[in-house]
Every structure is written in structure tokens, then in C-alpha cells.
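Letter by letter, the chains look like this.
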Amino acid sequence: MKASQSITSIALLGTARDVPFPEAPYKVLEAPWRTIDTQDRPRAVLQAAALEASALRSGAQLVQNIPLSEKAPLEARSHSPAPAATALQRMLAGDFSQGIPEWLRTADEAQLIAPFRLLPDLLDRGQRDRTLRPLISRIAGQRGIWLARQQVQWEWLLQSTSVEDAEWENGSPDKRIAWLRQIRQSDPEKATESITAEWVNESADFREAITQLAATCPHPCEEVWLENLALKERRQSTRDAATNALARIPNSAFLKRTTARIQQILRYRRSGLSKVLSLNPPETLATEWINDGIRAKPPQGTGEKAWWMRQVLSQAPIQQWAAILDLSLEQIFKAKLDPDWTEVIEQAWLESIQRFPEAECIEGICVRMAKQANKQNTPQLSQILPRCLQQVDRNTLASLLEKLPLSKELLIVLLTKLRPALCPKLQPKLSRLLEECWKDKQLYLTRPDAIALAYCIRPEAITPTLQTIAKLPELSSVAEAFANTLEFRNSYLPHLLKPVSKK
Amino acid sequence: MLTPDQVTALAPDASSLKAGNALATDRKWQSLGKDEEVIWGLAKGSGKNPYQTRVSLQDLAYKCTCPSRKFPCKHALGLMLLYANSPEAFTENERPEWVSEWLSSRKEREEKATKRAASTTSKPKDEKAAAKRAAKKSARIDDGIQHLEQVLFDIIRNGLAQETLTENSYWENLARRLIDSQAPGLAGYVRRLGEIPLSGLNWETQLLHELGSLHLLIEAYSKLSKLAPDLRSEIQQLIGSTPSKEELLKEKGFEDQWFVAARTTSEQDRLTTSATWLYGSQSKKWALKLEFSAQPSRPVEHWPLGSTVATELVFYPGLAPDRVLPRNAAASAQANNPRPTPNGDFQQLLANYSAQLALNPWRTRMPCYLSAQPVSHDRQQYLIDRNGDGLRWKASTKEVAMMHSLSGGHCVDLCALWNGQHLTILSLADGHTWLSLDSLVI
């Protein structure tokens, strides 16, 4: 390129300056170069440039010996059919994007994978939205894993794939967590050893991530590091995760201590003709309680003792109460509460089911609340009930919704916020509710609510619902949005539910 | 056949397309009908009477009674999208009067236009006046070229480091001057020069090379009368004088099963240009079909990307020409025909490009249809063919991610353009689907 720079440097400076004309930059150009009349400098420079341009364009060389990347394995699953892929493309571009979880779930149930051309957008979406990651992981296929191995930002997808032992020593935080998740399942003792050996060298963030891993399904062998290391952390969220984990280990020392504390403060005493659930708080907060994650200073507006009680009571699953009081769960949730402690006990129940989301406890609390519902507390329950119910899986949720004595307003709130997989029994209830919405102006439905409700309609009920709507003399903009969403779902669901055979 | 992509390309803007998509459901139409020539529908609107919408399947011409000033309106787009996605929704098959009237008025207009054209061509040609016009045009071109040559010399004399060269207005003014001189080809060349300054490393060298090629063209034009007919015709087209379509259609064409390999759309001065690269399944020849449309309307493309068309294409005269005119622009395209097997490689591409440059030094790009895989190496992007040979690939980050996703370390069938320095991928296969890379990375 030295010679090329020479002709360029003449052109850069301008031929008004007297600079010697350069030699031909390439051997192949020597003969034509000699025919250039260098007396007329501007013309000569342009002619030389034309020669050089032609030589460079026609003389490009092949690049060889570039190492190729490893080939992605073949897919075991079929690709989603074209109409379904087109719909997903529209959703990823922003149209009807609320339907993405449903698309992913349905494709996974039909044993399909996403089209390769949509994987970059899908993995980017998963990077931004953690809630979608488990669904994306299932339909990204081998190609998704192959891509994630090449792009650091998509490494979260590798958490469910096999990870080499060396990653624990040298890998990125995502890969180390993936290794730990894998080894906790196959060899929990080895995982415990590795965690214990490295604990002091880890960052606070990573220590929290490790503890969160154990929080939902701890192995008994993990009690030692949870009790001696994680529970002694300065970071409150790590200590909370440790207490969640320890409370799940049967016969753990922590569970025994917590049960003893609950036994100490919980009373089921006679009050007049009936018995009430009451509390007997201690006067001071013992150091052992603080060591077990109980915070001394209450948030603003909460009394000290109420705050301690709430924390202690929610540190163990509500089933522990049943064992302590020798009552069934049903009896506990039906029990009268001491008016002085009602708010604390109910708050403790809600916090307990956030930590230990057992379906029968959630059902018990929700039935109790739904029975107490009236016009005044509906807005409050509209906040609380979805928080309780979002802990259960979509199928349990559907059957719970069927059992709960809910008003129309509360049912709409729960359906729009939680979008359960409706069971066939609940579907007619929803259809009647919608018919009332279109006719009854009192039952107000917002546009986002209508779109969310459209995702509650079971696939087989979409066409009949659309037929019902088509009979309406006039459609409000809200009903129009509902119908548009249903039509969009109908454009891809039949293809996902009846997939074509593998290519 | 009509595909959603074809309809999408017709949409005047994104909001019209969105509104059209919302109307692509039979619930929004009072009635829907079709026959071999036309589709029609009564769209439920806010007014008392439904809007009457009809679209000709021959040339995708449309008419709607709605007051929209968008062309096509959302109703025409919705009707076409609905037909592309669910033709079975069009249950009527007896043309209403308002459809028949529209078709017959169109037919009348076409007949009148044909008659007018025939009467113009049958008129005895005034040779003297024609020669006078040609001489006048030639003088104006000469004048423009002389001015351009002087500008090139001035640039070289004063040096490429002048600040004015980095201003787009400098090149735009020069291009306008060339358009006034009836040399639109040169004007386009100059506009492309305006994109080079400050566009990357070594832009000065790139600009100098392009100035050199432009100067070579000017020198060739000055010797026009002494050149061989093909070279003369090539130079005249590069300057901006294209042969008339009527004259061109008198020439013999080239028949093949043409694979619609790539399509790009560009906009300049309120003119939209759609460039379609066609690949001959048997001949392995490349052909470039250009369609132009003044905005706000968009060029109508009858041949969807990835389809094949058995038809005759007439090549424009020139040196190794690729631009074509279809003898029958409405020839029907087949979507389900298998794609031709790509059989080229990069070695062959470089050899072909060198051979073409030897004939025509102004050839700026060469299409190829082959199998290759993307590889990132030393922060550079390459495409590697089946033989393991690689060429530089110019791509955005999104394009790189998309290509890797589609390839998965395997070779992918693709259509790309080579410009002597790097490849640009235009379209590629995803399984059985042939897609434009642009449409995937929006």
C-alpha cells in the first residue's frame, strides 16, 4: 500500500505543488503506467488513480485458513410452522407483544422450536425480561445454545445446559451459577464443598446468587454453610434467602428454633363463647432472634412488636402453625382472629405464602379474603389477591379461581392480572362475564383489561367467541381491541396446536 | 399469486401498513369476492355506506371510495393482505357493477393510451427535427461533461484535503448541474462520490479511485464515435441515455426459469427505485430488473422474492450487460418451484469479476448465488464458501447475529454482491424460505 499512499498523497496535497510522480504501485501496472503523460499532472493523477482502482478491484485475493466455528448440532424438535413464526415475528416487533409467553408455552407443549431467524430477537428479549427466560430456554433448541456459547450477553441460556467443571474456577458468573445448579442436582456434597471453600473469596452479589439457588429446594447437606456462612452475611437479602432455605430443610436447627418461637408467641385462646387466634409478644428482642434474620427496627408506621411478630410468624410455612396448635389448615384459616392482632396475623400469612407458596395455604387465605370482600375493601383485595395467587402455577390457579367466591369485579382483576390457563369449567363463566361487559355499561372494562381477557379465552373457544362478537350490532373500541387480539391469536394457535411434521 | 411481502412493499408508510393489517380480517368486511382478474370487498367504515374497494390482480392497481389521501389506502392494503393470507375468505365470485365499471373504464383508458402511442409511432418521423434535437442534447451533454472534467482537474490541482469536498452540498450542486445537462447517469455517479468523504478509514484513497474511474469515463466519452458499438452503448448508458423500451423490445430476448434472488429498494429525490436481481436457473446468467416510481406511490413488483418466473428477458445493450427489460412484465411467478442449486464459489466469483472488469472497468458490483457460512475472525467478518475460501463481508452487528443464527456453523444458500473489496448479503435461505436479509434485521 506504500505506492497507493503515494498517489493519494499527491492528490491530497494537490498537483499545484511540485511533487515527483510515483512509480507504478504494482508490477502488473508498470506497462500502462509508463504510457501516462506526467506533464499534465491533474490528468496524469486521475489516469493513475483509474489504473490503480481497476487493479485493486480485479486483484482481490481469497482469504484462506480462517478457523471455522464448531457446527451447531441437529435439532431434535421440529420448527414452528410458518404462520406461527410470522406471528411471533410481529409480536417481537411490538404488535400484540403480550402474547409472547403464550406463544412460547404453546410451542413448547407442541415440542416445537422457534425459527432460527427469530432467535437473535428472542434471546435479546430474554436478556431484558428474566420472566421469559425459562420459556425461551425450552424453545431455543440446540441452535439457541450454540448461539449463547458465542455471545456473552446470551449466556443465561446456558444455565440449563451441561457445564464443564473448569467453569467453576474460570467461568463467568453466569457459567459458575450454571455449574453450581448442575452439580447441586448430581452431587450436592461436592457443591457444598465448593461453596464452603470459595465463600470468603466471592463477591457479595455472587454469595447472594448462590444462596438464592438453595432457597427454593435446599439439600439437607447444605444446612451447614447456610447456617454458618449465609445466615451470618451482612446483606439482608442473602440472610432472607438463607432463612427461606433453612426453613425448608426438615428438622434443621433453624426450623426448630423458629417453631419454638412461634409456639412461644402463638395463642389459641377462649374468648367468650368461641376461641380466637392471638399473639403473646416478648418485651424485648433477643439476640438469637436477630441472628436468625429478624430485623429490630420496624418500617415507618408499624409498631416494634407487630413488626417482630410478622417476621417470626412468616419465617416458617403455615403448616407449622397447624402442628403447633394441633389444628387442620382449614380450621386455622376459618379461626377468628384477636382484633388486636388481626392485621399482623394476616400480614404474616401473606408474607409466609410469598416465601412458601403452598397451594393449600394460598387457597385457604384467598377463600377467607374473598368471603370478606365488600365494596369498600375490593380495591385493597384487588392488590392483595393477585399477589397471593401469582405464586401458584397456571393450572392450579385456574382451579382455584373456579372455587373462590369472587365478585365479577374481582374475577376480572384476577383474570387480567394473572391470565390463568382457563379450565373448561371456568370458560363459560368468563364468556358470560364478557357478554355482560359488552352490554352492561356499569361493568367497566379498560382496553388493556380487554386485551388481557382475550388471552384468557381457551383456544377452542376463540372461534365461538368471535362469532358471538360478530353478532353484536356495534362494537366499542374496547370490544374491538378484544376481538383483534382474539383474531391475532387465532392466526397462529391452530398451527401450533396441530404442528406440521418435521422437515 | 400475491404474497404479504409484496403488499408490504406497496404500503406508503408504517401506519398505513398497521391499519391495513388490522383490516386483514373478514370481520371488517361486509362482502368479499374474487375472480381471476380482480378482488373486491365492501369495507365497514365509520360512514353510512361501506367503502367499495377493488384491486386488480394483474398489476395490483386499486380503487377505493374512502376519502384517504394515502395511496394505496388502508382498505386496499387490508384487502390485498387478506387475500394473500386467506384467499378462501373471498366467497363471492360474481362481479358487482361497481367492479365491472372500474375494470371497463381502466380498459378504455388503456386502449386510448395504446392508440395514442400507435398514432405517435406511425406518424412519419421528422428526421430533421429529430437530428436537431439530438444535436442539441449532445451539445448540452458535452457542455456538462466539460464542466465536470474541469471540476475534476480543479479538485486534483487543489488537493483532496479541501474542506468543501466533505460537504454534501458541493456534490449535490454538481449533480444538479449534470441533470440540467441531461447526463443523469453522471449525476448519480457524482452523488455516490458525495457519500465517500469521512465515510471511513482511507476515504481519500477511495475518493481518488472513484474520481479516476469517472475521469476514465469522460475520456471514453470523448472518443465515442471511434468505439465499438457495445462499448459505445455502455458509455452512453453510464452517461445517462438509455435506449427506448420500444426499441429494446424489438431485440431478441433470453428465455429461462428466472429465480427472483434479491430485491433492494432505494430512494433518491422522491423517486423510489426497486432493483430485482434475477438468476437464470439453466443459463446461470444474472439479470437486473429496475422499477421506478415517483413518491408517494411505490414500485409494483409482480414477482415475489424467492419465486421463479419462466419468461423472456431482453438485455440492454452494452459490455457484459445485466440490466434487462421483461418482455411480459405480468408473467406469472411460481412460488413452489424448487430453488436452483447454488453451484458457484468465491474463486469463480473473483475470476468472473476480473473478466468483467477487463471488459467494463466501470462495473462496480457483481452478484453471486452460492453457499457460505459467516465467520468472525480478528474482529473482521468473513464469508467462507464450501471450499474454505473466504472474502470480507461488510455487515452490521444485527446482520452478523442473524447470519450466525441462520447458519449455526453450516453453509447457507445466499445471494450477495461483491464490489471488489467486500461482500454484502442481500438475501438468503432459512429452510425452504427465501428471505431478504434487510427484512430480518429491521
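Look above for the structure.
This section reports on the structure supplied with the text. (Residues numbered from 1 in each chain as written. Chains lettered and ligands numbered in written order. Predicted model: local features only at pLDDT ≥ 70, side-chain atom pairs only at ≥ 80, totals over all residues. Heavy atoms only, no water.)

With respect to the sheet that holds strand S3 (residues 266–271) of chain A
Residue and element names in this part refer to chain A. Quick note on the threshold: Each pair of strands is called paired provided DSSP finds at least two bridges between the two strands. Strands here mean DSSP runs of E at least two residues long; helices mean DSSP runs of H or I at least four residues long; both are numbered from the N terminus.
One open sheet holds the three strands; their spatial order is S3-S4-S5, and the pairing between them is mixed. The strands lining the two open edges of the sheet, one partner per strand, are S3 and strand S5 (336–337). Across two bridges, the pairing between strand S4 (residues 274–279) and S5 is parallel. By the bridge assignment for S5, Val 276 is matched with Lys 336.

Some remarks on the environment of Leu 217 of chain B
Residues and elements named next belong to chain B. In plain terms, the rule: By the convention used here, residues are in contact when the closest approach between their heavy atoms is within 4.5 Å.
Within the fold, Leu 217 resides in helix H8 (residues 203–222). Spatially, the C-alpha atoms of Leu 217 and Glu 92 are 59 Å apart, while their sequence positions differ by 125 residues. Among residues more than four places away in sequence, those in contact with Leu 217 are Leu 186, Tyr 189, Ile 235, Leu 238, Ile 239 and Trp 362.

Considerations on the packing of helix H3 (residues 41–58) of chain A against helix H5 (residues 127–158) of chain B
Counted only if it meets this: What counts as an axis is a line fitted to C-alpha atoms, over the stretch in contact for a helix, and the angles between N-to-C directions run from 0 to 180 degrees. Geometric relationships in this document are graded by angle, where less than 35 degrees denotes roughly parallel, more than 145 denotes roughly antiparallel, 65 to 115 denotes roughly perpendicular, and other angles denote oblique. In the scheme used here, Gly and all other residues not listed as nonpolar or charged are polar, with Ala, Val, Leu, Ile, Met, Phe, Trp, Tyr, Cys and Pro taken as nonpolar and Asp, Glu, Lys and Arg as charged.
Contact geometry of H3 of chain A with H5 of chain B gives a least axis separation of 9 Å together with a crossing angle of 95 degrees. When the interaxial angle is binned, H3 of chain A and H5 of chain B end up roughly perpendicular. Of H5 of chain B, the residues touching H3 of chain A (which contributes Pro 42, Arg 43, Val 45 and Leu 46 of chain A) are Glu 149, Leu 152, Phe 153, Ile 156 and Arg 157 of chain B. For the contact of H3 of chain A with H5 of chain B, the per-class residue count stands at six nonpolar, no polar and three charged.

Description of the sheet that holds strand S1 (residues 29–34) of chain B
Residues and elements named next belong to chain B. Sheet architecture is open: four strands sit in the order S1-S2-S3-S4, paired in antiparallel fashion. Since the sheet does not close on itself, it has two edges, and those belong to S1 and strand S4 (62–64), each with one partner. Strand after strand, the sheet turns through a mean of 10 degrees between neighbouring axes, direction not considered. Looking at chain direction, strand S2 (residues 38–43) and strand S3 (residues 51–56) are connected through six bridges and run antiparallel. By the bridge assignment, Ile 39 is partnered in S3 with Val 55. This element, helix H3 (residues 74–85), spans S1, S2, S3 and S4 of the sheet and lies at about 55 degrees to S3.

A few points about the packing of aromatic side chains
Note the cut-off: When the centres of two rings from Phe, Tyr and Trp lie within 6.5 Å, Trp using its six-membered ring, the rings pair. Their planes under 30 degrees apart give stacked, over 60 give edge-to-face, and anything left gives tilted. Each residue is assigned to one of three classes by its accessible area relative to the maximum for its type, calculated with a 1.4 Å probe on protein chains only: buried under 20%, partly exposed between the two thresholds, exposed over 50%. Distance and angle both matter: a charge sits over a ring if NZ of Lys or CZ of Arg is within 6 Å of the ring centre and within 35 degrees of the ring normal.
Per the counting criterion, the structure on display carries 19 aromatic pairs over all chains. Seen from their ring centres, Trp 199 of chain A and Trp 225 of chain A are 5.6 Å apart, and the 45 degrees between their planes marks the pair as tilted. Separated by 26 residues along the polypeptide, Trp 199 of chain A in the loop between helix H11 (188–198) and helix H12 (204–216) and Trp 225 of chain A in helix H13 (residues 223–228) bring together distant segments of the chain. Aromatic side chains Phe 259 of chain B and Tyr 369 of chain B sit 5.5 Å apart centroid to centroid with 45 degrees between the ring planes, which places their arrangement in the tilted category. Within this pair, whereas Phe 259 of chain B is found in strand S5 (residues 254–268), its partner Tyr 369 of chain B is found in strand S11 (residues 366–377), the two being separated by 110 residues in sequence. Residue Phe 259 of chain B shares its accessibility class with Tyr 369 of chain B, and that shared class is buried. An aromatic cluster is built from Phe 259, Trp 277, Tyr 279, Trp 286, Tyr 369 and Trp 434 of chain B, whose rings are joined through pairwise contacts. The residue whose ring lies beneath Arg 143 of chain A is Phe 116 of chain A, and the NZ or CZ to ring-centre distance is 3.8 Å. The ring of Trp 168 of chain A carries the charged tip of Arg 176 of chain A above its face, separated from the ring centre by 4.2 Å.

Description of the interface of chain B and chain A
Heads up, the condition is: Put simply, buried area is how much 1.4 Å-probe accessible surface two parts lose in total, over both of them, once they are put together. Just to be clear on terms, a salt bridge is a Lys or Arg side-chain nitrogen sitting within 4 Å of an Asp or Glu carboxyl oxygen. Any pair of N or O atoms that falls within 3.5 Å is considered a polar contact. Within protein, one atom must be able to donate a hydrogen and the other to accept it, and sequence-neighbouring residues count only if both atoms are side-chain atoms.
Tallying the contact residues gives 59 residues for chain B and 52 residues for chain A. A combined buried area of about 4700 Å² lies between chain B and chain A, and 59% of that area is made up of carbon and sulfur atoms. A salt bridge links Arg 27 of chain B to Glu 487 of chain A; the nearest nitrogen and oxygen atoms lie 2.5 Å apart. Put simply, chain B and chain A have 27 residue pairs in polar contact (both at pLDDT 80 or more) between them. Broken down by element, the side of chain B that touches chain A gets its largest block of residues, 11 residues, from H8 of chain B.

Here we look at the nonpolar core
Using the following cut-off: Only buried residues count toward a nonpolar core. Its members are Ala, Val, Leu, Ile, Met, Phe, Trp, Tyr and Cys residues joined through side-chain atoms within 4.5 Å.
If you look at the biggest cluster of nonpolar residues, it comprises 168 residues, and the most contacted ones within it are Leu 277, Trp 321, Trp 349, Leu 389 and Tyr 492 of chain A. Ranked by the residues each element gives to this core, the list is headed by helix H28 (residues 477–497) of chain A, at nine residues. Non-local contacts of Leu 277 of chain A, meaning those with residues more than four positions away in its chain, are made with Leu 266, Arg 267, Tyr 268, Trp 321, Leu 325, Ile 332, Ala 335, Lys 336, Leu 337, Asp 338, Ile 345 and Trp 349 of chain A. One finds Ala 11 and Val 45 of chain A together with Ile 145 and Ala 183 of chain B within the second-largest nonpolar core, a separate group that totals 49 residues.

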